Amino acid sequence: MAKDTPNWEGLLKWSLAHADGTAPQRHLSEEDRRWFMEAMQSQTVDVIKRMKEITLVMQTPEQVLEAQGVTPAEIEDMLDELQEHVESIDMANDLHSIGGLVPLLGYLKNSHANIRAKAADVVTTIVQNNPRSQQLVMEANFLEPLMNNFTSDTDVAARTKALGAISSLIRHNKPGIAAFRLANGYGALRDALSSEDIRFQRKALHLIQYLLHENQADCNTVTELGFPRIITHLASSEDSGVREAALQGLLELAHGRADKGMSNIDDDEKLKKLLEERMKGISLLSAEDVSAAKEEWQLLDSLWSTCSDEASSLRESGLLSIPGDVAPPPDVASKHFEPLLRAWAADRHTVSSTTSSEKKEAPLLLGLGPPSTPHYPANGAASENERGGGSSS
């Protein structure tokens, strides 16, 4: 299904030969014009036409394609091409108009795991930040096969891609979130957290954090399902991405429980113990490693502040550095570039503030100055008129 590489070199040579800027303009012959138009049209892809062709292939039963020698790898390449086309929101919305959305649904049930995963990846691109396509996909009942793949697929990569598609489908989509809850979505997320696959865990944690942030009333639901214990365990994962995502989820849980006055002493003590251990571990890191773990120790401090009235050990030890606590860097350049009069005024202000008892220098005045003081001889002899006295009458 690959296309031949365009003959750009031949087209460049033709362009240079006919328009090098040194020869007078001339009219193209009909033969040259026809050749040029054919060359350009051969490299122009009609996206809608191509999407229709892909749709026709997707509508063909899997057994028929196999009988015709079409391999699963070629189907994956075709889906890769479709994903590139639907990166445009307009093309994503047009896929439904040309009848391509429903056949794509069938590929979520394909017998090959890689094709199921790639189909879910295409769905992710179609619905991401696209309310219109989210609605169309929901109306086409995509959530059901996606949930089936998320919960039951034997291939963890296909499960992960299905979860990614679900996450993009229900974000900023209230009907989608409601349908996810009704499909026991939280139960499926709890099972995903128990997986050994790091990427799968991270995606599940990010979706949990988003759902709790959007609706803190769900904190009661996930608490009853035992999420705090599982997420607390994941907060000590060896993978930094899992740790940070777990801490974000715990922070949302802590906010929700604080707002509703809910508390579980046993869970709170376990959480505090975990936080103390993680903060102690960070305090032993080198300065470079502490900088790399910035997001994690900021989350630890925020979570500790939410769960306790005391300052965290990170803050007490001076390791914490967050916006507002850091003084601006010293100004070492502006004095070399500021206007001379402003620099002079700043210098005079500094001198006057530190030596206020010293006599201030008279400012430079424009215009006539005061009359000069008369000079008297050393012996003091001078006329009364010179000293300012008048003659007695």
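The rules we used
- Residues numbered from 1 in each chain as written.
- Predicted model: local features only at pLDDT ≥ 70, side-chain atom pairs only at ≥ 80, totals over all residues.
- Heavy atoms only, no water.
- Helix = DSSP H or I, 4+ residues; strand = E, 2+ residues; numbered from the N terminus.
- Buried < 20%, exposed > 50% of the residue type's maximum accessible area, 1.4 Å probe, protein only.
- Contact = heavy atoms within 4.5 Å.
- Areas by Shrake-Rupley, 256 points an atom, 1.4 Å probe, with all protein chains shown as cover.
- Polar contact = N/O pair within 3.5 Å; in protein donor to acceptor, adjacent residues only side chain to side chain.
- Expected span 1.5 Å × (residues − 1).
- Salt bridge = Lys/Arg side-chain N within 4 Å of Asp/Glu carboxyl O.
- 1 Å grid on protein atoms, 1.4 Å probe; cavity = no way out; pocket = protein on both sides within 12 Å on 5 of 7 lines; lining within 4 Å.
- Points joined across faces, edges and corners; volume = space filled by probe spheres on them.
- Nonpolar A, V, L, I, M, F, W, Y, C, P; charged D, E, K, R; others polar.
- Phe/Tyr/Trp six-rings, centres within 6.5 Å; stacked < 30°, edge-to-face > 60°.
- Lys NZ or Arg CZ within 6 Å of the ring centre and 35° of its normal.
- Core = buried A, V, L, I, M, F, W, Y, C linked by side-chain atoms within 4.5 Å.
- Axes fitted to C-alpha atoms, helices over the stretch in contact; angles between N-to-C directions.
- Left-handed = near helix turned anticlockwise from the far one by under 90°.

Student: Honestly, the overall build of the chain in this entry has me stumped. Any pointers?
Tutor: Across its full length, the chain holds 23 helices and zero strands. Looking at the chain as a whole, 34% of its 393 residues are labelled buried. For the chain, the proportion of contacts with a sequence separation of at least 24, taken over those separated by at least 6, is 68%. Surface accessibility of the chain: about 24,700 Å² in total, with carbon and sulfur atoms responsible for 52%.

Student: Looking at this model, I keep getting lost on the environment of Q201. Mind explaining?
Tutor: Tracing the backbone through its elements, the reader meets Q201 in helix 14 (residues 198–214). If near-sequence neighbours (up to four positions away) are discounted, Q201 is found in contact with A192, L193, S195, E196, L234 and V242. A distance of 2.5 Å separates the side chain of Q201 from the backbone oxygen of S195, its partner in a polar contact.

Student: Would you mind going over helix 14 with me for this structure?
Tutor: Relative to the 24 Å expected for 17 residues at 1.5 Å per residue, helix 14 spans 25 Å between its end C-alpha atoms, a close match to the ideal helical length. The N-capping residue of helix 14, defined by a side-chain oxygen 3.3 Å from the backbone nitrogen of R199, is D197.

Student: Looking at this model, I keep getting lost on the pattern of salt bridges. Mind explaining?
Tutor: When the charged atoms of two side chains lie near each other, side chains of opposite charge can form a pair. Within this structure, the stated rule accounts for eight salt bridges. In this structure, K118 and D80 form a salt bridge, with 2.7 Å as the shortest nitrogen-oxygen distance. Here D80 lies in helix 5 (residues 72–85) and K118 lies in helix 8 (residues 113–127), a separation of 38 residues in the sequence. Put simply, D153 and R116 hold a salt bridge, and the shortest N to O gap is 2.7 Å. Placement of the pair is D153 in the loop between helix 10 (143–152) and helix 11 (156–170) and R116 in helix 8, with a sequence separation of 37 residues. Per residue, the accessibility class of D153 equals that of R116, and both read buried.

Student: How should I be thinking about empty space enclosed by the protein in this particular structure?
Tutor: It is a probe the size of a water molecule, rolled over the atoms, that shows where empty space is left. Inspection of the entire model under this criterion finds one cavity of 30 Å³ or more. There is about 80 Å³ of room inside the largest cavity. Taken together, the elements giving at least two residues each to the lining of the largest cavity come down to helix 4 (62–67) and helix 5. Here the lining of the largest cavity takes three residues from helix 4, the largest share from any one element. Looking at the lining of the largest cavity residue by residue, the classes come out as six nonpolar, three polar and two charged.

Student: What should I look at first to understand the packing of aromatic side chains in this one?
Tutor: Within a pair of aromatic rings, the relevant descriptors are the distance that separates the centres and the angle that separates the planes. The full count for this structure, using the stated rule, is three aromatic pairs. Ring centres of F150 and F200 lie 5.9 Å apart, and the angle between their planes is 80°; this geometry places the pair in the edge-to-face category. One end of the pair, F150, is in helix 10; the other, F200, is in helix 14, and 50 residues separate them in sequence. Their ring planes at 90° and their centres at 6.3 Å tell us that Y186 and F227 sit as a pair that is edge-to-face. In this pair, Y186 is assigned in helix 13 (residues 185–193) and F227 in helix 16 (residues 227–234), connecting sequence segments 41 residues apart. On the basis of relative accessible area, Y186 is assigned to the buried category, the value being 6%. Grouped by ring-pair contacts, the aromatic residues F180, Y186 and F227 constitute a single cluster. Over the ring of Y210 we find R171; its NZ or CZ atom is 4.5 Å from the centre of that ring.

Student: When you look at the nonpolar core in this model, what are you seeing that I'm missing?
Tutor: A general tendency of soluble globular proteins is for nonpolar side chains to be buried together. L79, I126, F142, L146, F150 and L189 are the most contacted members of the largest nonpolar core, which totals 76 residues. Sequence-distant contacts of I126, defined by excluding residues within four places in its chain, comprise V86, A92, L95, L101, L104, S133 and V137.

Student: Explain helix 6 (residues 89–97) to me, please; I cannot follow it from the model alone.
Tutor: An α-helix turns once every 3.6 residues. As a result, residues three or four positions apart point the same way. Those residues of helix 6 lying buried are M91, A92, N93 and L95. Where helix 6 is buried, its residues touch helix 3 (47–59), helix 5, helix 7 (101–107), helix 8 and helix 9 (131–139). G99 sits one or two residues past helix 6 and shows a positive phi near 85°.

Student: Just to check I follow, could you spell out the packing of helix 13 against helix 14 for this structure?
Tutor: Packed helices, taken two at a time, are described by the angle between their axes plus the distance between the axes. Put simply, helix 13 and helix 14 touch, their axes get as near as 9 Å, and they point 140° apart. At the point where helix 13 passes helix 14, the crossing takes the left-handed sense. In contact with Y186, L189, A192 and L193 of helix 13, helix 14 contributes F200, Q201, A204, L205, L207, I208, L211 and L212. Grouping the constituent residues of the contact of helix 13 with helix 14 by class yields eleven nonpolar, one polar and no charged.

Student: Quick question: what am I supposed to make of unusual backbone geometry here?
Tutor: In most cases, non-glycine residues show a negative phi, while peptide bonds are predominantly trans. You will see that H172, though not glycine, has its phi angle at about 55°, which is positive. As for its position among the elements, H172 is in the loop between helix 11 and helix 12 (174–182). You will see that N184, though not glycine, has its phi angle at about 60°, which is positive. Position of N184 relative to the elements: it lies in the loop between helix 12 and helix 13. Overall, N184 belongs to the exposed group, its relative accessible area being 53%.

Student: Where do I start with the side chain of D218 in this structure?
Tutor: Following the sequence through the fold, D218 ends up in helix 15 (residues 218–224). A distance of 2.7 Å separates polar atoms of two side chains, one belonging to D218 and the other to Y186. When neighbours within four sequence positions are excluded, D218 is seen to be in contact with R181, Y186, L211 and L212.

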